[in-house]
Amino acid sequence: AQRVTQPEKLLSVFKGAPVELKCNYSYSGSPELFWYVQYSRQRLQLLLRHISRESIKGFTADLNKGETSFHLKKPFAQEEDSAMYYCALTGTSGSRLTFGEGTQLTVNP
Amino acid sequence: EAGVVQSPRYKIIEKKQPVAFWCNPISGHNTLYWYRQNLGQGPELLIRYENEEAVDDSQLPKDRFSAERLKGVDSTLKIQPAELGDSAVYLCASSLDPGLEVEQYFGPGTRLTVT
């Protein structure tokens, strides 16, 4: 069985502060990890994926297989980063995406 | 490009009534997904289609839920009869193919309230 855990439902930081959204997963094989984001009144969209190893909007995420984590980080948060963030996992058995419960990030001015 | 289109956007029904949701995926996307998102939760897959074929419906409550994608394009998800616990946002998504790294594009969702 595959499972994604996002321990923080709410996270609040000030503009310019570093931010880290935590994601832990459980999967017996080799997982592919993703971060999806939903801005206010917009649809859910892909932010970044592990396989691409890229930085999007200043966000990065590193897959740590030893700790089974895929935390999302940004060194200097901006107000426009305020959104709901979902960590998601898929595995070699198919393209079923399993989502975490989400973290609501608020960046205060 | 309109993206994934869903209708209706909102639906309020009484329990035991039927309800149907419609989805039009992005043109050329062969894979279509239906998710249910309960309040405070992440989306959960109900069914995945590759063209007309339902290839993963293990999470679909088949006693009351049904889905179809007759021509491999549009899809309809139906609930009959609806129960109070079916209140949720129903999301449709599509992708070019079912590969592991392929991005899924989501629609705006249909918010269902069962009273």
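Rules used throughout
Counting restarts for each chain, with residues numbered from 1 along the sequence as it is written. All chains are assigned letters beginning with A, and all ligands numbers beginning with 1, in the order in which they are written. For this predicted model, a pLDDT threshold of at least 70 governs which residues receive local features, and a threshold of 80 or more governs which side-chain atom pairs are given and counted, while totals over whole chains, interfaces and linings are taken from all residues. Water and hydrogen atoms were dropped before computing side-chain values, which therefore reflect all heavy atoms in the structure. Two cysteine sulfur atoms form a disulfide, by the criterion used here, when they sit within 2.5 Å. Helix numbers and strand numbers start at the N terminus; a helix is a DSSP run of H or I with at least 4 residues, a strand a run of E with at least 2. For every residue, the accessible area (1.4 Å probe, protein chains only) is compared with the maximum for its type, and the residue is labelled buried under 20%, exposed over 50%, or partly exposed between those bounds. Residues enter a nonpolar core if they are buried and are Ala, Val, Leu, Ile, Met, Phe, Trp, Tyr or Cys, with the set joined through side-chain atoms within 4.5 Å. Here, residues are in contact when the closest pair of their heavy atoms is within 4.5 Å. We call two strands paired when DSSP finds no fewer than two bridges between them. Only C-alpha atoms enter the line fits that serve as axes; for helices the fit covers just the stretch in contact. Angles between N-to-C directions range over 0 to 180 degrees. Here a cavity denotes a set of grid points, spaced 1 Å apart and computed over the protein atoms alone, in which a 1.4 Å probe fits but from which it cannot get out, and a pocket denotes an open set meeting protein on both sides within 12 Å along at least five of seven lines; residues with an atom within 4 Å of a point are reported as lining. Grid points are joined across faces, edges and corners, and a volume is the space filled by probe spheres set on the points. All amino acids are sorted into three groups, where Ala, Val, Leu, Ile, Met, Phe, Trp, Tyr, Cys and Pro are nonpolar, Asp, Glu, Lys and Arg are charged, and the leftover types, Gly among them, are polar. For this analysis, a salt bridge means a side-chain nitrogen from Lys or Arg found within 4 Å of a carboxyl oxygen belonging to Asp or Glu.

Novice: What is the right way to read the state of the cysteines from this model?
Specialist: A covalent bond between the sulfur atoms of two cysteines is what we call a disulfide. Here the structure, examined in full by the defined rule, presents 2 disulfides over all chains. Between the sulfur atoms of Cys-23 of chain A and its disulfide mate Cys-87 of chain A the distance is 2.0 Å. Between Cys-23 of chain A and Cys-87 of chain A, the S-S dihedral sits near -65°, and the bridge is therefore left-handed. Of the two residues, Cys-23 of chain A is situated in the loop between β3 (19-21) and β4 (24-26) and Cys-87 of chain A in strand β9 (residues 83-91); the sequence distance between them amounts to 64 residues. The class for Cys-87 of chain A is buried, based on a relative accessible area of 0%. Between the sulfur atoms of Cys-23 of chain B and its disulfide mate Cys-92 of chain B the distance is 1.9 Å. Across the disulfide from Cys-23 of chain B to Cys-92 of chain B, rotation about the S-S bond amounts to roughly -70°, and the bridge is consequently left-handed. One end of the pair, Cys-23 of chain B, is in strand β3 (residues 19-24); the other, Cys-92 of chain B, is in strand β9 (residues 88-95), with 69 residues separating them in the sequence. Each of the two residues, Cys-23 of chain B as well as Cys-92 of chain B, counts as buried.

Novice: In this structure, what is going on with the nonpolar core? I would like to understand it.
Specialist: Soluble, globular proteins show a tendency: their nonpolar side chains are buried together. The biggest cluster of nonpolar side chains holds 26 residues, and the ones touching the most others in it are Trp-35, Phe-70, Leu-72 and Tyr-85 of chain A. Listed by contribution, the elements that provide at least two residues to this core are β2 (10-14), β3, β5 (32-38), β6 (45-49), β9 and β11 (103-108) of chain A. In terms of residue count, the dominant contributor to this core is β9 of chain A (4 residues). Discounting residues that sit within four places of it in the chain, Tyr-85 of chain A has contacts with Gln-6, Leu-21, Trp-35, Tyr-36, Val-37, Leu-47, Phe-59, Leu-72, Gly-102, Thr-103 and Leu-105 of chain A. Residues Ile-13, Ile-26, Ile-47 and Leu-60 of chain B belong to the second largest nonpolar core, which totals 21 residues.

Novice: Where do I start with the sheet that holds β3 of chain B in this structure?
Specialist: Pairing between the strands of a sheet is mediated by backbone hydrogen bonds and can be parallel or antiparallel. All names here are of chain B. Taken together, 4 strands build an open sheet; the order of strands is β1-β3-β8-β7 and the sheet is antiparallel. Each edge of the open sheet is held by one strand with a lone partner, namely β1 (5-7) and β7 (65-68). The sheet shows a mean angle of 15° between the axes of neighbouring strands, taken without regard to direction. For β1 and β3, the ladder comprises 3 bridges, and the chain directions are antiparallel. Counterpart to Ser-7 in the pairing with β3 is Trp-22.

Novice: Just to check I follow, could you spell out the layout of surface pockets for this structure?
Specialist: Gaps left between atoms show up when a probe the size of a water molecule is rolled over them. Quantified by volume, the largest pocket comes out at close to 750 Å³. Taken together, 31 residues form the lining of the largest pocket, with Gln-38 and Tyr-86 of chain A together with Gln-37, Val-89 and Arg-111 of chain B sitting closest to its centre. Counting residues per element, the ones that place at least two in the lining of the largest pocket are β9 of chain A together with β9 and β11 (110-114) of chain B. For the lining of the largest pocket, a count of residues per class yields 12 nonpolar, 13 polar and 6 charged. Taken as a whole, the second largest pocket encloses approximately 470 Å³ of empty space.

Novice: So what exactly am I meant to see when it comes to the pattern of salt bridges here?
Specialist: Close approach of charged atoms allows side chains of opposite charge to pair. The full count for this structure, using the stated rule, is 11 salt bridges over all chains. Between Arg-49 of chain A and Glu-103 of chain B there is a salt bridge; the shortest N-O distance is 3.7 Å. Of the two residues, Arg-49 of chain A is situated in strand β6 and Glu-103 of chain B in the loop between β9 and β10 (105-106); the pairing between them involves two chains. Given a relative accessible area of 17%, Arg-49 of chain A falls into the buried group.

Novice: In this structure, what is going on with the sheet that holds β3 of chain A? I would like to understand it.
Specialist: All names here are of chain A. As summarised here, the arrangement of the 3 strands in space is β3-β8-β7, forming an open sheet in which the pairing is antiparallel. Because the sheet does not close on itself, it has two edges, and the strands there are β3 and β7 (60-61). Summarising the sheet, β7 and strand β8 (residues 72-74) pair through 2 bridges and their orientation is antiparallel. Its bridge partner lying in β8, Thr-60 is registered against Lys-73.

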